[in-house]
Amino acid sequence: MVHYRHSYHAANFADVFKHVLLVGLLGALNRKDKPWCFLDSHAGAGGYDLGGAGAVRTGEWHDGFGRLNDSSDAPPLVAEYLRLVAAARTQAHADYYPGSPQFARALARPGDRLVLCEKVPAVAAELKQALRGDARAFIHVRDGYEAHALLPLPEKRGLMLIDPPFERTDEFDAIAQLIAKSVPRFAGGIFAAWYPLKNKHLAARFVRQLERETAKPVLNLEYDNGEPAEGQMHACGLAVVNPPFGFRAEALSALHWLRPRLAQGPRATFTITGAED
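Read on for an overview of the structure. (Residues numbered from 1 in each chain as written. Predicted model: local features only at pLDDT ≥ 70, side-chain atom pairs only at ≥ 80, totals over all residues. Heavy atoms only, no water.)

## Thoughts on the overall build of the chain
Right, on to step 1. When you go through the chain residue by residue, the secondary structure sums to 8 helices and 10 strands.
Right, on to step 2. Projected onto the principal axes, the alpha-carbon positions of the chain cover approximately 45 × 40 × 40 Å.
Right, on to step 3. Burial analysis of the chain (277 residues in total) assigns 55% to the buried set.
Right, on to step 4. Of the contacts made within the chain by residues no fewer than 6 positions apart, 77% connect residues no fewer than 24 positions apart.
Right, on to step 5. Here the chain has roughly 12,600 Å² of accessible surface; of this, 52% comes from carbon and sulfur atoms.
Right, on to step 6. For the chain, the distance from the average site of its 32 positive side-chain charges to the average site of its 31 negative ones is 5 Å. (Helix = DSSP H or I, 4+ residues; strand = E, 2+ residues; numbered from the N terminus. Buried < 20%, exposed > 50% of the residue type's maximum accessible area, 1.4 Å probe, protein only. Contact = heavy atoms within 4.5 Å. Areas by Shrake-Rupley, 256 points an atom, 1.4 Å probe, with all protein chains shown as cover. Lys, Arg positive; Asp, Glu negative; His and termini not counted. Charge placed at Lys NZ, Arg CZ, Asp CG, Glu CD.)

## Topic: the side chain of Asp-112
Right, on to step 1. Take Asp-112: it is sitting in the loop between helix H4 (100-107) and strand S4 (113-117).
Right, on to step 2. A relative accessible area of 2% means that Asp-112 is categorised as buried.
Right, on to step 3. Separated by 2.9 Å, the side chain of Asp-112 and the backbone nitrogen of Trp-36 make a polar contact.
Right, on to step 4. Reaching out from Asp-112, the side chain makes a polar contact with the backbone nitrogen of Arg-109 at a distance of 2.7 Å.
Right, on to step 5. Excluding residues within four positions of it along the chain, Asp-112 makes contact with Asn-30, Pro-35, Trp-36 and Arg-136. (Polar contact = N/O pair within 3.5 Å; in protein donor to acceptor, adjacent residues only side chain to side chain.)

## A word on the packing of aromatic side chains
Right, on to step 1. Inspection of the entire model under this criterion finds 11 aromatic pairs.
Right, on to step 2. Taking 5.9 Å as the distance between ring centres and 80 degrees as the angle between the ring planes, the aromatic pair formed by Phe-186 and Phe-191 counts as edge-to-face. Summarising the burial analysis for this pair, Phe-186 and Phe-191 share the class buried.
Right, on to step 3. Members of the aromatic cluster, connected to one another through ring pairs, are Phe-166, Phe-172, Trp-194, Tyr-195 and Phe-206. (Phe/Tyr/Trp six-rings, centres within 6.5 Å; stacked < 30°, edge-to-face > 60°.)

## A look at the side chain of Lys-18
Right, on to step 1. Along the chain, Lys-18 turns up in helix H1 (residues 13-29).
Right, on to step 2. A polar contact of 3.1 Å, which involves the side chain of Lys-18, links it to the side chain of Asp-15.
Right, on to step 3. When near neighbours in sequence (up to four residues on either side) are disregarded, Lys-18 contacts Ser-100, Asp-163 and Trp-194.

## Regarding the environment of Glu-222
Right, on to step 1. Mapping Glu-222 onto the fold places it in strand S8 (residues 218-224).
Right, on to step 2. On the basis of relative accessibility, which here comes to 16%, the residue Glu-222 falls in the buried class.
Right, on to step 3. Distance in space between the C-alpha atoms of Glu-222 and Ile-272 is 6.6 Å, their sequence separation being 50 residues.
Right, on to step 4. If sequence neighbours within four positions are ignored, Glu-222 has contacts with Phe-17, Tyr-195, Leu-197, Ala-203, Cys-236, Gly-237, Thr-269, Phe-270 and Thr-271.
Right, on to step 5. A polar atom in the side chain of Glu-222 sits 2.7 Å from the side chain of Tyr-195.

## Quick word on the environment of Gly-27
Right, on to step 1. Residue position: Gly-27 is located in helix H1.
Right, on to step 2. A relative accessible area of 28% means that Gly-27 is categorised as partly exposed.

## Here's the deal with the nonpolar core
Right, on to step 1. Formed by 65 residues in total, the largest nonpolar core has its most connected members in Phe-38, Tyr-81 and Leu-221.
Right, on to step 2. Counting residues per element, this core draws most heavily on H1, at 11 residues.
Right, on to step 3. Beyond its immediate stretch of four places on either side in the chain, Tyr-81 contacts Val-16, His-19, Val-20, Val-23, Phe-65, Leu-68, Tyr-97 and Phe-103.
Right, on to step 4. Residues Cys-37, Cys-117, Leu-151 and Ile-179 belong to the second largest nonpolar core, which totals 31 residues. (Core = buried A, V, L, I, M, F, W, Y, C linked by side-chain atoms within 4.5 Å.)

## A look at the packing of H1 against H4
Right, on to step 1. Orientation of H1 relative to H4, taken along the N-to-C sense of each, is 30 degrees, at an axis distance of 10 Å. Classed by the angle they form, the pair H1 and H4 counts as roughly parallel. For H1 against H4, the interelement crossing comes out right-handed. Across the interface between the two elements, Lys-18, His-19, Leu-22, Val-23 and Leu-26 of H1 pack against Ser-100, Phe-103, Ala-104 and Leu-107 of H4.
Right, on to step 2. Of the residues that constitute the contact of H1 with H4, the class distribution is 6 nonpolar, 2 polar and 1 charged. (Axes fitted to C-alpha atoms, helices over the stretch in contact; angles between N-to-C directions. Parallel < 35°, antiparallel > 145°, perpendicular 65-115°, else oblique. Left-handed = near helix turned anticlockwise from the far one by under 90°. Nonpolar A, V, L, I, M, F, W, Y, C, P; charged D, E, K, R; others polar.)

Okay, structure coming up:
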């Protein structure tokens with residue numbers, strides 16, 4: 001079976017969207033002294049080579065991270081994201097792009113932890129190599145949809161990121177079920193689920209399902225780069241259950257700045273709905 005490999009898509013517009021918002025969510029956790037845990041259900045390899053065969057073959061990163069060369073006027077959230085990428089590159093190489101676990105690792109303090117699930121053994125081995133020597137990181141070679149079994153967490157606060165490859169036809173339902181199982185065990189946690197926006201009706205139903213089954217506030221953020229070509233993903237979203245105070249305003253500023261820079265057509269747009277501060 002051929003598994004999804006994120007190396008073909010690393011640093012594309014969807015990655016920029018997701019990682020900028022992830023940095024905002026993790027930054028919000030750092031506003032309090034109490035330790036937090038980052039639980040990633042589909043962690044991937046941890047980092048990617050934009051000069052590697054996969055990234056060169058698709059070239060998707062050129063219309064994502066590659067568009068952010070002029071960042072002198074970037075809002076704080078985007079500026080922090082760019083700083084973290086630059087810092088990761090000084091530790092690796094000039095074409096390196098960090099995955100979500102590396103952003104979390106960079107923002108984690110001495111008392112914080114990373115719990116990372118990756119079910120593909122070869123990819124999990126890459127992840128272990130990327131995070132070698134960090135005693136804060138715990139890697140589980142298991143299906144991310146079993147991540148609720150790792151709860152409750154001793155920290156009682158933190159973030160669960162659910163970022164599956166969307167190879168299953170029932171992916172939205174699987175995400176909603178995972179969050180519904182996890183909320184009672186991690187009531188103080190933030191839950192962030194990334195999704196490709198191919199069917200607006202299915203996405204809207206998913207958000208309503210989260211609101212109904214968790215009884216928690218849900219903030220939904222979506223970005224469409226306006227790409228007119230058929231058959232390519234041009235829009236994605238992030239549904240955040242129990243969003244932290246102030247995150248909505250930070251995200252609004254960041255997406256205003258990113259919208260024209262990541263645009264691939266005249267109709268590029270974004271929306272933010274729900275969970276008013």
